[in-house]
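What follows is each chain in one-letter form.
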Amino acid sequence: MKIKNSYIIVAYGDSITKGVIYDNEKSKYAFLKENFSYIIENKINGSVYNAGQFGNTIMRGMRKMYNNVIKKSPDIVLIEFGGNDCAYKWDDIAKNPDMDYKPNTNISSFRETLLKMIDILKTNNITPVLMTLPPIDHLKYFKWITRQDSFAEENLLHWLGTKDNLFTFQNTYSEIITEVAKETETVLIDVRTAFLEYSDYSQFLCKDGIHPNIEGQSLIAAVILKFIKENNNFLLQH
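Before going into details, it helps to say that this report is about the structure given with it. (Residues numbered from 1 in each chain as written. Predicted model: local features only at pLDDT ≥ 70, side-chain atom pairs only at ≥ 80, totals over all residues. Heavy atoms only, no water.)

Let's talk about the sheet that holds strand β6 (residues 127–131)
The line we're drawing: Strands pair, by our definition, only if DSSP identifies at least two bridges between them. Strands are runs of DSSP state E lasting at least 2 residues, helices are runs of H or I lasting at least 4, and numbering of each runs from the N terminus. In this analysis an axis means a line fitted to C-alpha atoms, helices contributing only their contacting stretch, and an angle means the value between N-to-C directions, from 0 to 180 degrees. The contact criterion used throughout is that any non-hydrogen atoms of two residues lie within 4.5 Å.
The 5 strands lie next to each other as β4-β1-β5-β6-β7, forming an open sheet whose pairing is parallel. The sheet terminates laterally at β4 (46–50) and β7 (187–189), the two strands that pair on one side only. With strand direction ignored, the average angle separating the axes of adjacent strands in the sheet is 25°. Of the pairings in the sheet, the one linking strand β1 (residues 7–13) to strand β5 (residues 76–80) comprises 5 bridges and is parallel in character. Opposite glycine 13, over in β5, you have glutamate 80 as the bridge partner. In the packing of helix α9 (residues 164–184) onto the sheet, contacts are made with β6 and β7, and the angle to β6 comes to roughly 150°.

Structure representation (structure tokens):
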């Protein structure tokens with residue numbers, strides 16, 4: 001990467017990138033201004049454009065990449081997808097657990113689309129940076145998707161086999177991100193390991209068990225800034 005006076009970074013992903021948290025007092029989702037991209041922007045030489053969108057899957061991100069990313073002429077793109085891709089239509093499963101269901105994006109399509117996304121960015125002389133997924137708290141998440149309804153709980157557990165599989169599903173997508181990074185020699189920032197270093201990593205997650213809370217967003221920012229300091233120190237303000 002060329003040494004410049006100023007850089008443009010695009011943070012591209014879903015609601016985690018956007019900075020969506022669950023507000024317990026108002027009992028609804030809210031936008032956290034002090035999200036990880038905001039924190040990073042105050043530390044680097046340049047600007048960070050937050051292109052995260054609530055509910056974003058990698059397929060949707062691919063379709064909108066030209067307008068949301070390429071047109072910004074960034075130097076670097078932080079890519080954070082997978083949380084919505086690995087999810088299922090839980091309400092449908094809760095009503096009828098004996099049907100065959102597919103995730104929002106199957107694992108092969110997720111991998112293939114991530115490869116295409118990296119290729120497009122590199123072709124446009126943009127540096128892609130992949131991020132592993134923050135882990136979910138499967139117990140919190142199970143309560144969230146069943147709304148503590150006993151009928152839904154019974155049916156979802158029948159389909160899942162075990163609540164642990166919620167963690168396993170999501171971890172599989174994070175592992176694909178790591179594999180693709182190695183395969184394509186793309187920079188990888190391991191957010192997941194930073195969370196799992198804490199025995200009670202759930203302290204960094206909202207009530208829903210999936211969205212990082214204020215502390216979780218700060219932890220993501222700290223991991224990214226530590227990586228930049230160790231590998232691309234010239235990006236930081238001094």
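Still more ground to cover, so stick around.
Concerning the nonpolar core
In plain terms, the rule: Residues enter a nonpolar core if they are buried and are Ala, Val, Leu, Ile, Met, Phe, Trp, Tyr or Cys, with the set joined through side-chain atoms within 4.5 Å. Think of it in three bands: with a 1.4 Å probe and only protein chains considered, a residue is buried below 20% of the maximum accessible area for its type, exposed above 50%, and partly exposed in between.
Core analysis: the biggest nonpolar cluster contains 28 residues, and Phe36, Ile40, Leu78, Phe195, Ile220 and Ile224 have the highest contact counts within it. Mapped by element, the contributors of at least two residues to this core are β1, α2 (36–41), β5, β6, α10 (191–196) and α11 (214–231). Examining the composition of this core, we find that 7 residues originate from one element, α11, more than from any other. Residue contacts for phenylalanine 195: discarding those within four places in its chain leaves Pro134, Pro135, Tyr201, Phe204, Leu205, Pro212, Gly216, Leu219 and Ile220. Ile79, Ile118, Leu121 and Leu133 belong to the second-largest nonpolar core, a separate cluster that totals 24 residues.

Brief notes about the packing of aromatic side chains
Worth spelling out the cut-off: Between rings of Phe, Tyr and Trp, where Trp is taken as its six-membered ring, a pair exists when centres lie within 6.5 Å; planes separated by under 30 degrees are stacked, by over 60 edge-to-face, and by other angles tilted. Sitting over a ring, as applied to charges here, requires NZ of Lys or CZ of Arg to be within 6 Å of the ring centre and within 35 degrees of the ring normal.
What the rule picks out here adds up to 16 aromatic pairs. Considering the side-chain rings of tryptophan 90 and tyrosine 141, the 6.2 Å spacing of their centres and the 85° angle between planes classify their relative orientation as edge-to-face. Taken together, the residues span a long stretch of sequence, with tryptophan 90 in helix α5 (residues 90–95) and tyrosine 141 in helix α7 (residues 138–146) at a distance of 51 residues. Both residues of the pair, tryptophan 90 and tyrosine 141, count as buried. Cluster of aromatic residues (ring-pair linked, three or more members): Tyr88, Trp90, Tyr101, Tyr141, Trp159 and Phe169. The positively charged end of lysine 72 is found above the aromatic ring belonging to tyrosine 49, 4.1 Å away from the centroid. Above the plane of the ring of phenylalanine 167 lies arginine 192, whose end atom (NZ or CZ) is 5.1 Å from the centre.

Section: the packing of α7 against α9
When two helices pack together, their arrangement is captured by the angle between the axes and the distance separating the axes. What counts, and what does not: In these notes the angle categories are as follows: under 35 degrees is roughly parallel, over 145 is roughly antiparallel, 65 to 115 is roughly perpendicular, and the rest is oblique.
Running from N to C, α7 and α9 cross one another at 105°; their axes reach a closest spacing of 8 Å. For the element pair α7 / α9, the angle class is roughly perpendicular. The segment α7 lies against α9, with His138, Tyr141, Phe142 and Ile145 engaging Asp164, Leu166 and Phe167.

Some thoughts on helix α8 (residues 150–160)
Let me state the cut-off plainly: To obtain the arc, one takes the directions from the helix axis to the C-beta atoms. Here a polar contact is recorded for every N or O atom pair within 3.5 Å, except that within protein the pair must consist of a potential hydrogen donor and a potential acceptor, and residues adjacent in sequence are included only if both atoms are side-chain atoms.
The set of residues buried in α8 consists of Ala152, Asn155, Leu156 and Leu160. Summarising the axial view, the buried residues of α8 lie within an arc of 130°, below the 170-degree limit, and thus occupy one face. α8 presents Ser150, Phe151, Glu154 and His158 as exposed residues on the side facing more than 90 degrees away from its buried surface. Residue aspartate 149 occupies the N-cap position of α8, its side-chain oxygen lying 3.1 Å from the main-chain nitrogen of phenylalanine 151. Just beyond α8, the residue with positive phi is glycine 161, at close to 90°.

Things to note about the pairing of β5
Regular strands place side chains that alternate from one sheet face to the opposite one. Extensive coverage of β5 is indicated by the burial of 5 of its 5 residues. By the alternation rule, side chains of β5 split into Ile76, Leu78 and Glu80 and Val77 and Ile79, which are all buried. By the bridge criterion, 4 bridges tie β5 to β6 in an arrangement that is parallel. What sits directly across from leucine 78, in β6, is valine 129.

Let's talk about the pattern of salt bridges
Side chains that differ in charge, positive against negative, can pair when their charged atoms come close. Threshold: Here, a salt bridge means any side-chain nitrogen of Lys or Arg that lies within 4 Å of a carboxyl oxygen of Asp or Glu.
Taken as a whole and judged by the stated rule, the model has 7 salt bridges. Residues arginine 147 and aspartate 91 are paired through a salt bridge, measuring 3.1 Å at the closest nitrogen-oxygen approach. Residue arginine 147 is located in the loop between α7 and α8, and its partner aspartate 91 is located in helix α5; the two are separated by 56 residues in the primary sequence. The exposure class assigned to aspartate 91 is partly exposed, which follows from its relative accessible area of 40%.

Spatial relationships are all this shows, so hold off on functional conclusions.
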